[in-house]
Number of protein chains: 2
Amino acid sequence: MITIKDIAKEANVSVGTVDRVLHNRGGVSPKTEDKIRKILKQKKFKINTIASSLAMKKNLNLATLIPQYDGENVFWKSPMSGIQKGSQEVNPYGIENHIFTFDQFNPQSYTDAFKMLIQLQPDAVVMVPIFIKETTEIIQTLSHRKIPYLFFNVDLKGYNNLCYIGQKSFEAGILAGKLTRLCIDSEDEVLIVLTRKNLYDYEANFERVKGFVHYFKENKPETKIHELQFDEPSKVEQSGERINDFLKKHPQIKGILVPSSRISNVCRVIDHDKLKELKLVGFDTTPQNVEALEKGLVTFLISQKSFNQGYKSIKTMANYLVHKKIPNNEIPTPLEIITKENYNFSHSEERKYYNEN
Amino acid sequence: MITIKDIAKEANVSVGTVDRVLHNRGGVSPKTEDKIRKILKQKKFKINTIASSLAMKKNLNLATLIPQYDGENVFWKSPMSGIQKGSQEVNPYGIENHIFTFDQFNPQSYTDAFKMLIQLQPDAVVMVPIFIKETTEIIQTLSHRKIPYLFFNVDLKGYNNLCYIGQKSFEAGILAGKLTRLCIDSEDEVLIVLTRKNLYDYEANFERVKGFVHYFKENKPETKIHELQFDEPSKVEQSGERINDFLKKHPQIKGILVPSSRISNVCRVIDHDKLKELKLVGFDTTPQNVEALEKGLVTFLISQKSFNQGYKSIKTMANYLVHKKIPNNEIPTPLEIITKENYNFSHSEERKYYNEN
DNA sequence: TCAAATTACGTGTACGCACACATGTTGTAA
DNA sequence: TTACAACATGTGTGCGTACACGTAATTTGA
């Protein structure tokens, strides 16, 4: 292992000069710089990241704004855990992450949480920008104070955020289309079930549907695509009748897409016998969805690896703060196809995290 | 951030004593130990991994034994890159990895490479145990010298290796079965094409086929499964005739499985018109396979993320050497389902590596 | 009772780098 | 010649830990 000291000795200069060259800090005569650069290249010097990190130890505050999760809305548990794992990892770099949560259905709680957050005077913010109007305000405050911020999971455009980390919804919809089409016969029809017009995921769901429809239009335009919409959230059970009626009326429907993360709710209400002849494609590996998958009720789940989204968000921001490494404006997370047969071999990072904590 | 020093001050002892407690090194009186432990817990002390790593800097040699890749056998490029990325990352910990390659079809080159390797006197070995007989010899040498070793990508049993990192082939075959079944109609038949009876991947291919057959037996026993085998490696082109004849003779064949990583070869030789009505499922995202996928010739590829396998192998071994962290005996890598629609969003780590290097 | 052995703890240094500060060197104008 | 920039380079310290070594305190044994 070749160190700065070795380089310095070889070049007959001090480590300080080598350091100046390494970081383009200036104040070095051209010929010494040349000499040092040559030796650096020749000896293939690489900065020891560990020692470097240790020496650069910052003392920064990070803040995260993310929806709470509970039994009803378990989706956010996964990104939260990713955030926590990321926080643990960047902690030794002198970065402390503070998590602020809010109710995903309550804009007020969103701004309230942000008020708490801003009092901390964070050096950067990682957030899920669920509410459009309120986000505008928040971003004003942040940019006024020159606090960098990145979005994850929810892709709100035009906010000049450092970057977006998450799934591309339209493409996810295309993939869902492909999978559905593969599962059904040539003359079959498909149904899209919109379970909930959430404030937050409306946009994403909409994009997914658009992608789905787009796929069929491009690849099999003759396929008939039906839509059913339920505006009342928790009444899905009572809406079972409506779905089942609809399916009876359209017996050629063989594929169902649920663009939200609530496909398990849908399969719960569909007649069991009918369910057997249907292929269901949904999103996200929530415990309920996975259960339905393993029972064979759901054929495909498309996972967005939300754990990784959280994790990556923290790491990306830390990298930006510590090493001034500017990320791509968009960091798409995988469109991971999950079936009963490969679920056990996915999400290993997340499982590992849960085992260790 | 709370440090060892803080703890020491609080407990009226020196940092050395705290360190002894932290690492159960002994030589501390019970009451001081108690006191220190209490303070540690109360202040939620966490070892700073960076400083720790720097202080623990080892000076170890790692050695990797892996097949070469070339234009013909590009498969091994990916794990090799993973190995290289891992090597870069563990380098600052004072671990130097040395890579030795061999010809995957030549057992002699395997043992020759190992002879070179062992001269280095490595402290640990990461290897792909392709040849059974020769591996037995190699392992004898290694265990005699008490050098720990792990296997990756090829799962040879009964060699007392530290662990195996790679795909579970039988399960991969099951998944392939599921995907194939979803794609074809109820009365269709399927064909398994064994392109090459490689020395090395024979076992893996065989397991995949077993899993595939098992899936149909369990879920759709009436499906007829044909097999075609080509023992001569590079003559696939000439064998095109044989495949096409076979397909003509069995027009009900609609799904094809190629358990090796050479599905692109198969689609090259099949009549173009016939190909359109077939669903092909194969393995590994080699450039050729990906090309076939993007042209729509192949429906599904199952990726084993071999880049990650290589990467993880190095990291796992380094973790074992530095922190004595004993890994699970088996670390299964994902069964990743790749289609034309989601390929762009997978293998991001690998792509990033190539971009940076 | 006293030296030797054992135990309990403190001290100092190394790890490799980043950065602030000190020191040196050259050139230029008064 | 002196004074003083302006630039070039050297020095020292801190980051948090691991570990070898040293030293004091206590115990043991004859």
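Criteria and cut-off values
Residues numbered from 1 in each chain as written. Chains lettered and ligands numbered in written order. Predicted model: local features only at pLDDT ≥ 70, side-chain atom pairs only at ≥ 80, totals over all residues. Heavy atoms only, no water. Helix = DSSP H or I, 4+ residues; strand = E, 2+ residues; numbered from the N terminus. Buried < 20%, exposed > 50% of the residue type's maximum accessible area, 1.4 Å probe, protein only. Areas by Shrake-Rupley, 256 points an atom, 1.4 Å probe, with all protein chains shown as cover. Lys, Arg positive; Asp, Glu negative; His and termini not counted. Charge placed at Lys NZ, Arg CZ, Asp CG, Glu CD. Near = heavy atom within 4 Å. Polar contact = N/O pair within 3.5 Å; in protein donor to acceptor, adjacent residues only side chain to side chain. Pairing = 2+ DSSP bridges. Axes fitted to C-alpha atoms, helices over the stretch in contact; angles between N-to-C directions. Contact = heavy atoms within 4.5 Å. Least-squares fit on C-alpha atoms with pLDDT ≥ 70 in both. Nonpolar A, V, L, I, M, F, W, Y, C, P; charged D, E, K, R; others polar. Expected span 1.5 Å × (residues − 1). Arc of directions from axis to C-beta. Domains from an automatic or database assignment. Right-handed = clockwise from strand over helix to strand, strands pointing away.

Participant: Residues and numbers for the overall build of chain A, please.
Facilitator: Along the backbone of chain A there are 15 helices and twelve strands. A principal-axis box enclosing the C-alpha atoms of chain A has dimensions of 85 × 45 × 40 Å. Considering chain A as a whole, with its 357 residues, one finds that 54% of them fall into the buried category. Summed over all atoms, the accessible surface of chain A reaches about 16900 Å², with 48% contributed by carbon and sulfur. The distance from the centre of the 50 positive side-chain charges to the centre of the 43 negative ones in chain A is 10 Å.

Participant: How would you explain the protein's contact with DNA strand C if you had to name every residue and give the values?
Facilitator: Lining the immediate surroundings of DNA strand C are 26 residues, of which Ile4(A), Arg25(A), Ser14(B), Thr17(B) and Ser29(B) lie closest. One nitrogen or oxygen atom from the side chain of Arg25(A) is found 2.7 Å from a phosphate oxygen belonging to DNA strand C. Going through the elements one at a time, helix H4 (49-56) of chain A together with helix H2 (15-22) and helix H4 (49-56) of chain B are the ones with two or more residues in the surface near DNA strand C. Ranked by the residues each element gives to the surface near DNA strand C, the list is headed by H4(A), at four residues.

Participant: Pulling in residues and values, what's your account of the sheet that holds strand S5 (residues 164-166) of chain B?
Facilitator: All names here are of chain B. The parallel open sheet is built from six strands, whose spatial order is S2-S1-S3-S4-S5-S11. The open sheet is flanked by strand S2 (95-102) and strand S11 (330-332), the only strands paired with a single partner. The sheet shows a mean angle of 15 degrees between the axes of neighbouring strands, taken without regard to direction. Two elements, S5 and S11, share three bridges in a ladder whose sense is parallel. If you follow Gly-166 over to S11, its bridge partner there is Pro-332. Running at roughly 160 degrees to S2, helix H5 (residues 77-90) makes contact with strand S1 (60-67), S2, strand S3 (124-127) and strand S4 (149-152) of the sheet.

Participant: Residues and numbers for the relation of the copies chain B and chain A, please.
Facilitator: Note on the chain copies: they are related by a rotation about an axis and a translation along it. With an RMSD of 0.2 Å, the operation that places chain B on chain A is a rotation of 180 degrees combined with a shift of 0.1 Å along the axis. Here the copies are linked by what is in effect a two-fold axis. The fraction of interface residues of chain B whose copies in chain A are also interface residues reaches 100%, indicating that both copies meet through the same surface.

Participant: Any chance you could break down the sheet that holds strand S6 (residues 189-194) of chain A for me, citing the residues and the numbers?
Facilitator: Residues and elements named next belong to chain A. Overall, mixed pairing links the six strands, which are arranged S7-S6-S8-S9-S10-S12 in an open sheet. Here the strands that pair on one side only, and so sit at the sheet edges, are strand S7 (225-229) and strand S12 (336-338). When the angles between neighbouring strand axes are averaged without regard to direction, this sheet yields 20 degrees. As paired strands, strand S9 (residues 279-283) and strand S10 (residues 300-303) are joined by three bridges and run parallel to one another. Among the inter-strand pairings, Phe-283 is bridged to a residue of S10, identified as Ile-302. With respect to the sheet, helix H9 (residues 202-219) is in contact with S6, S7, strand S8 (253-257) and S9, its orientation differing from that of S6 by roughly 170 degrees.

Participant: Explain unusual backbone geometry to me, using residue names and the numbers behind them.
Facilitator: Residues and elements named next belong to chain A. Its identity as a non-glycine residue notwithstanding, Gln-121 has a phi of 55 degrees, on the positive side. Looking at the element boundaries, Gln-121 is found in the loop between helix H6 (107-119) and strand S3 (124-127). Note on Gln-121: relative accessible area 59%, which makes it exposed.

Participant: Can you lay out the protein's contact with DNA strand D for me, pointing to particular residues and giving the numbers?
Facilitator: Lining the immediate surroundings of DNA strand D are 25 residues, of which Ser14(A), Ile4(B), Asp19(B), His23(B) and Arg25(B) lie closest. Restricting the count to atoms of DNA strand D within 4 Å of the protein gives a sugar and phosphate share of 66%. At 2.9 Å, a side-chain N or O of Arg20(A) approaches a base nitrogen of DNA strand D. With respect to DNA strand D, the backbone of Ala51(B) contributes an N or O atom lying 3.5 Å from a base nitrogen. Among the elements of the structure, helix H2 (15-22) and H4 of chain A together with H4 of chain B are those that each provide at least two residues to the surface near DNA strand D. Among the residues forming the surface near DNA strand D, the class breakdown is ten nonpolar, eleven polar and four charged.

Participant: How would you summarise helix H9 (residues 202-219) of chain B if you had to cite specific residues and measurements?
Facilitator: Residues and elements named next belong to chain B. A rise of 1.5 Å per residue sets the reference length of H9, with its 18 residues, at 26 Å; its end C-alpha atoms lie 26 Å apart and thus fit the reference within 8%. Three or more residues of H9 are buried, namely Asn-205, Arg-208, Val-209, Gly-211, Phe-212, Tyr-215 and Phe-216. Buried residues along H9 cover an arc of 160 degrees about the axis, so they all sit on one side. Opposite the buried face of H9, at more than 90 degrees from it, the exposed residues are Lys-217 and Glu-218. Elements that come into contact with the buried residues of H9 comprise helix H8 (169-183), strand S6 (189-194), strand S7 (225-229), strand S8 (253-257) and strand S9 (279-283).

Participant: Tell me about the domain arrangement of chain A, and name the residues and values.
Facilitator: One can read the domain layout of chain A as domain 1 (4-46), domain 2 (59-166 + 306-333) and domain 3 (169-303). Taken over C-alpha atoms, the centre of domain 1 of chain A sits 61 Å from the centre of domain 3 of chain A.

Participant: Lay out the pairing of S3(B) with the relevant residues and their values.
Facilitator: Remember that side chains alternate between the two faces of the sheet whenever the strand is regular. Residues and elements named next belong to chain B. Of the two faces of S3, both are covered, the one formed by Ala-124 and Val-126 as well as the one formed by Val-125 and Met-127. Here S1 runs beside S3; their pairing, made up of four bridges, is parallel. Residue Ala-63 lies in a different strand from S3, and its bridge partner there is Val-125. With three bridges connecting them, S3 and S4 associate as parallel partners. Looking across to S4, one finds that Val-125 is bridged to Tyr-149. Regarding the hand of the β-α-β motif, the stretch spanning S3, helix H7 (residues 132-144) and S4 is right-handed.

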